[in-house]
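Each chain, letter by letter, is given below.
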Amino acid sequence: MKAEEKTHSMEEDDAKLLAAYRNGDSEALGLLVEKYKKPLFGFIYKFSEGREDADEVFQEIWVRAIKNMNRYRQKSLLSWLFRIAHNLMIDRIRRRKPMVSFDTSASEDGVAIGEMLPSSRLGPDDESGGHALGVRIDAAAAELPPDQREVFWLRMQGGLSFKEIAKVQKCSINTALARMQYALSKLRNELGDEYRELQEAG
Amino acid sequence: MMNEKKLEKWLLLEQTGELSAKKQQTLNACPEAEAKRSELNALCAAVSLSDAEPSSWAATRIHARLKTERRSLLLPVHVWQPILALAACLTLVVTTFDFTPKSFPVPVAAVAVGEADVWNVQFEEDLMELESLILAISDDSFDIIEM
């Protein structure tokens, strides 16, 4: 089966499950949540204040998705869920600091919006598990401007294509690609020697 | 020789399977592509991906929240009954009672001065007619004005 056909049948499956849930089959929701929990929750977790907060956001995304099911026009349900996640994050930023745009790199008082977003948290297992470089990348990614940070995690954690990322951020594919390139470039600079070691190992 | 930015861009698109066949051919022929590809892959592989998962009750909680929100939109019968009864009473009152103001006689003072003269002349004529009628049916003649 071709990748395109497979994707198409996945979309059909999602539409069927959504319709089934609408008609009262509560198990259909469980199947959908199970299907997309890993990429979606992993992404949310990078932007939230711990597991409980991520759990709350995760539920809110699904509630919004189901409530606005009639507005679901996108081909991919996962992209749509990420789009809702994107909007929810903007809402959260605005609630914390009114009158600040998501695209703004720094606020008037000089505090970067990235700093207002909670930094990605790694559990003790991650830090003691020998993923030192991973921890450094995570910390460096937390310093990126929000739009670049979002593209980076949408690609890395969410596994979205650049076409899907562009849809989530409502920008062109070239802009999404440029944001990813900026993010990678900043990460390389932040990592310094560790990056050079990585290059040599690679 | 390909520009480094462009090379990285194409490699990123290659990773997601979004690079066109024509560009893929060009990329394959590029001598710097392999080194850059392995560097990019190593960087991506070093990124620590979160294994965190939502709580096992996530779907149940989502379903419960949706049910609660739906229920709050459709208020229970014991809330609707008094509201409907009150609305019915109001409808009855509005349709039964005539709220238009009753027609009162126009006060004399409000009548225009020109019209007052006409009214007085008419009144005197009527009075005189009445007087003559009373005189006609009465045996004893008396001045009606004295009444």
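Quick caveat: nothing in here was measured; it's all calculated off a predicted structure. (Residues numbered from 1 in each chain as written. Chains lettered and ligands numbered in written order. Predicted model: local features only at pLDDT ≥ 70, side-chain atom pairs only at ≥ 80, totals over all residues.)

Along chain B, the regular secondary structure elements total 6 helices and 0 strands. A total of 147 residues make up chain B; the buried ones form 10% of that total. (Helix = DSSP H or I, 4+ residues; strand = E, 2+ residues; numbered from the N terminus. Buried ≥ 20, exposed ≤ 12 C-beta atoms within 10 Å, placed from the backbone.)

As a further point, take the overall build of chain A. Assigned secondary structure in chain A consists of 11 helices and 0 strands. Reading chain A from its N end, one meets helices and strands in the order α-α-α-α-α-α-α-α-α-α-α. When burial is assessed residue by residue, chain A has 33% of its 202 residues classed as buried. When contacts within chain A are restricted to residue pairs at least 6 apart in sequence, those whose partners lie at least 24 apart make up 56%. (Contact = placed C-beta atoms within 7 Å.)

Attention now moves to the confidence of the model for chain A. Residue and element names in this part refer to chain A. In this model, chain A carries a mean pLDDT of 79, and residues with pLDDT of at least 70 account for 75%. Confidence over residues 98–115 falls short of pLDDT 50; this stretch has 24 contacts with residues more than four positions distant or in other chains. Note that pLDDT drops below 50 for residues 117–130; the model gives that stretch 20 contacts with residues more than four away or on any other chain. (pLDDT = per-residue confidence, 0-100.)

With 28 residues of chain B at the interface, the matching set in chain A holds 39 residues. Broken down by element, the side of chain B that touches chain A gets its largest block of residues, 7 residues, from helix 4 (residues 58–73) of chain B. Residue composition of the side of chain B that touches chain A, grouped by class: 14 nonpolar, 6 polar and 8 charged. (Nonpolar A, V, L, I, M, F, W, Y, C, P; charged D, E, K, R; others polar.)

Another point: the packing of helix 10 (residues 173–191) of chain A against helix 1 (residues 4–16) of chain B. Running from amino to carboxyl end, helix 10 of chain A crosses helix 1 of chain B at an angle of 110°, the nearest separation of the two axes being 10 Å. Comparing the axis directions of helix 10 of chain A and helix 1 of chain B gives the class roughly perpendicular. Residues Leu177, Met180 and Gln181 of chain A of helix 10 of chain A form the contact with helix 1 of chain B, whose own contacting residues are Lys5, Glu8, Lys9 and Leu12 of chain B. (Axes fitted to C-alpha atoms, helices over the stretch in contact; angles between N-to-C directions. Parallel < 35°, antiparallel > 145°, perpendicular 65-115°, else oblique.)

Turning our eyes to something else, we now look at the nonpolar core. Nonpolar side chains in soluble globular proteins tend to be buried together. Core analysis: the biggest nonpolar cluster contains 49 residues, and Ile44, Phe58, Leu81, Phe152, Leu154 and Ile165 of chain A have the highest contact counts within it. At 9 residues, helix 2 (residues 26–47) of chain A tops the list of elements feeding residues into this core. Both of domain 1 (4–46) and domain 2 (58–96) of chain B provide at least three residues apiece to this core. Setting aside anything within four residues of it in sequence, one finds Ile165 of chain A in contact with Val151, Leu154, Arg155, Leu160 and Ala176 of chain A. (Core = buried A, V, L, I, M, F, W, Y, C linked by C-beta atoms within 7 Å. Domains from an automatic or database assignment.)

As a further point, take helix 10 of chain A. The end-to-end C-alpha distance of helix 10 of chain A, which contains 19 residues, comes to 27 Å, matching closely the 27 Å that a straight helix rising 1.5 Å per residue would cover. Taken residue by residue, helix 10 of chain A has Ala176, Leu177, Arg179, Met180, Ala183 and Leu187 of chain A as its buried positions. Relative to the axis of helix 10 of chain A, the buried residues are bounded by an arc of 160° and lie together on one face. Among the exposed residues of helix 10 of chain A, those oriented more than 90 degrees off its buried face are Asn174 and Asn189 of chain A. Packed against the buried residues of helix 10 of chain A are helix 7 (132–142), helix 8 (146–156) and helix 9 (162–169) of chain A together with helix 1 of chain B. A positive backbone phi angle near 55° is found at Gly192 of chain A, which sits one or two residues after helix 10 of chain A. (Expected span 1.5 Å × (residues − 1). Arc of directions from axis to C-beta.)

Here the focus is the packing of helix 2 of chain A against helix 3 (residues 51–67) of chain A. Residue and element names in this part refer to chain A. Close contact between helix 2 and helix 3 brings their axes to 10 Å; oriented N to C, the two are set at 130°. In terms of axis orientation, helix 2 runs oblique to helix 3. Considering how the two elements wind past one another, helix 2 and helix 3 form a crossing that is right-handed. Facing Val33, Leu40, Phe41, Ile44 and Tyr45 of helix 2, the residues of helix 3 in contact are Ala54, Val57, Phe58 and Trp62. Across the contact of helix 2 with helix 3, the residue classes tally to 9 nonpolar, no polar and no charged. (Left-handed = near helix turned anticlockwise from the far one by under 90°.)

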